[in-house]
Each structure stands twice: as C-alpha cells, then as structure tokens.
Amino acid sequence: MIPLSHVLTLSVILFVIGAAGFVLRRNIITVFMCIELMLNAANLAFIAFSRYLGTLDGQLFVFFVIVVAAAEAAVGLAIIIALYRNRETLNIEDLDSMKL
Amino acid sequence: MEILFYICAAVSVLAALNVVLQRTPVYSALSLILVLCLLAVIYLLLGAEFIAVIQVIVYAGAIMVLFVFVIMLLNAGREVPSERSRLARWLGVPLVIAFLLEVLWAVWNQFPSGTAPAADFDAGPAAIGHLLFRNYVLPFEVTSVLILVAILGAVVLAKKEE
C-alpha cells in the first residue's frame, strides 16, 4: 500500500511548483494556471487524508473545491478578457494601475 | 498498484515543472491537462472513483477547455523576460525552496511512513450521494447560488461595452 507521507510529499511538491510559477511567470493566464495547480495539490492532500482516515468528508471537500474552481475559472477568464480588451496586454507588470 | 503510483507521481511532477518552465501558455495548458489526468489516476488508486471521474470531466474537460479557448482567443504568445522578473527569480526561488523543505520536514515528522490506510472504505457514488444530500445539503445549495452568480458575473464582465 502507498504510504500516506509519500502522497503528501507529492502534494507538497506540486503545490510548491505552482507557487514558484505564481512568482516567476509574467503572463496572467499562466499565473492563473499555476493557481489551478496549487488547488489540485490541496485536493490530493484531501483525498489522501480521506483514504487514510476512512471518511468520505475529504472527498466532498474536493467536490466543492472543483465546483468553486470552475466558478473561479469562469469569472477569472472573463476578467482577463475584459482587461485585454482595455489594456491590450497580458503581462502582469503592465497591469499595475492600482499600485501606489 | 504502488509502482503505478510512483510512475504517475514522477510524470506529474515533470509535467507540473513543464507548466511553470514553458514560456508559451498553450504548452503550459497542455501540460496542466496531463497533470490533471495523472492526478485522476492517483485518485483512483486512493479509492476515490467518483472524484477521479469528476476530475477528468469537469477539470480536464470543462475548465481546461475554457483556458485553452481564452489563450487562443487572446492569441497569447511567448512572454518576454524583464528586469523585474529577474528580481522575482532571485527572491522567489529561495523562498519557495525554503517553504518546500519546511513543509516536507513537517509532513515526514508528523506522518511516519508506517501509517496504514483505513480498512473498510466504501467510496462509491451511492455513499457520496448519501453524505452529500444528508450532511452537506446547505453547502450544496449555496454552491448552486455561487454558480449562478459566477455565470452572471462572467457574462457581465466579458460583455462588450456599448
């Protein structure tokens, strides 16, 4: 059987890769995809704990996370389209008009 | 069983690295779809059949199609590195590696590798349905309102202004 710590290690590695991409990438769509990667890493941890605790609540949390991710993707991509229409750029460095 | 998990884990880490290292968003999106499908296989190995199917249908199917669609609609090409992105690299990468080591240390201390999975575990759609509509009815209903608001918001935001 797969040890719990190995599944959690995979989850942590995926989360950290997503966080690194969030810091390093300049394209707003790629940054958004890195957020999805981090959400999936958290989902993996939920599934692993659900399996090892023998309860289904973790799986239902993943279900709700997926639903919220779908809503988030729809609204987020609509915001990106509206931004692109107004500013003609996807580079997050050019989208700093709210910076002090 | 175990060997399949380790193969999927290794390939998904490589694909996740590809998501981050590619400069062209379409390649990142395709790598992300690979990661999501491999995670669905891992969910199957962990006994979460329903979530594995949902992962493929909703995540890899619906959400990523939305991403690829927007990437192609906006014709997002290669990103060019800049001065500030170099600063992010010098500051961000050490911080992220420190975070990785810290959490790994916590995981390996907290959960020694001998932890056994629960013996009797029924994760079929029937069991999930019972739990969802008995204990989690309120979150389920709130979720439907959330979806409605998201649809309205997406339409209003993406609408062309007169």
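Above this text sits the structure in question.
Residues numbered from 1 in each chain as written. Chains lettered and ligands numbered in written order. Predicted model: local features only at pLDDT ≥ 70, side-chain atom pairs only at ≥ 80, totals over all residues. Heavy atoms only, no water.

Participant: I would appreciate a short explanation of the overall build of chain B in the present structure.
Facilitator: Tallying secondary structure elements over chain B gives six helices and zero strands in all. Each helix and strand of chain B, placed in order from N terminus to C terminus, yields the pattern α-α-α-α-α-α. Relative to a compact globule of 162 residues, whose C-alpha radius of gyration would be 15 Å, chain B shows 20 Å and is clearly more extended. Projecting the C-alpha coordinates of chain B onto the three principal axes gives extents of approximately 55 × 45 × 25 Å. Counting over 162 residues, chain B shows a buried share of 38%. As presented, chain B carries roughly 9,800 Å² of accessible surface, and 73% of it is formed by carbon and sulfur atoms. The averaged location of the 10 negative side-chain charges in chain B is 17 Å from the averaged location of its 8 positive side-chain charges. (Helix = DSSP H or I, 4+ residues; strand = E, 2+ residues; numbered from the N terminus. Rg over C-alpha atoms; globule rule 2.2 N^0.38 Å. Buried < 20%, exposed > 50% of the residue type's maximum accessible area, 1.4 Å probe, protein only. Areas by Shrake-Rupley, 256 points an atom, 1.4 Å probe, with all protein chains shown as cover. Lys, Arg positive; Asp, Glu negative; His and termini not counted. Charge placed at Lys NZ, Arg CZ, Asp CG, Glu CD.)

Participant: Before we go on, may I ask you to explain the interface of chain B and chain A in this structure?
Facilitator: With 82 residues of chain B in contact, the opposing surface of chain A contributes 73 residues. Roughly 7,200 Å² is buried in total at the junction of chain B and chain A, and carbon and sulfur atoms are behind 78% of that figure. Interface area lost by chain B to chain A is led by Leu46, Phe67 and Leu74 of chain B, which between them contribute 10%. At the boundary of chain B with chain A, the tally comes to zero salt bridges. Counting across the interface, chain B meets chain A through eight residue pairs in polar contact (both at pLDDT 80 or more). Listing elements by their share of the side of chain B that touches chain A, those giving two or more residues are α1 (2-21), α2 (25-45), α3 (49-73), α4 (83-110), α5 (125-134) and α6 (137-158) of chain B. For the side of chain B that touches chain A, a count of residues per class yields 62 nonpolar, twelve polar and eight charged. (Contact = heavy atoms within 4.5 Å. Buried area = accessible area lost by both parts, 1.4 Å probe. Salt bridge = Lys/Arg side-chain N within 4 Å of Asp/Glu carboxyl O. Polar contact = N/O pair within 3.5 Å; in protein donor to acceptor, adjacent residues only side chain to side chain. Nonpolar A, V, L, I, M, F, W, Y, C, P; charged D, E, K, R; others polar.)

Participant: Sorry, what's going on with the nonpolar core here?
Facilitator: Nonpolar side chains tend toward joint burial in soluble globular proteins. Counting residues in each nonpolar core, the largest one holds 78 residues, and the members touching the most others are Ile29 of chain A together with Phe67 of chain B. Only α1 (4-24), α2 (28-53) and α3 (57-87) of chain A together with α1, α2, α3, α4 and α5 of chain B provide two or more residues apiece to this core. If you tally residues by element for this core, the top one is α2 of chain A, at twelve residues. Filtering out sequence-adjacent residues up to four positions away, Ile29 of chain A remains in contact with Ile80 and Leu90 of chain A together with Phe67, Val70, Ile71, Leu74 and Ala76 of chain B. (Core = buried A, V, L, I, M, F, W, Y, C linked by side-chain atoms within 4.5 Å.)

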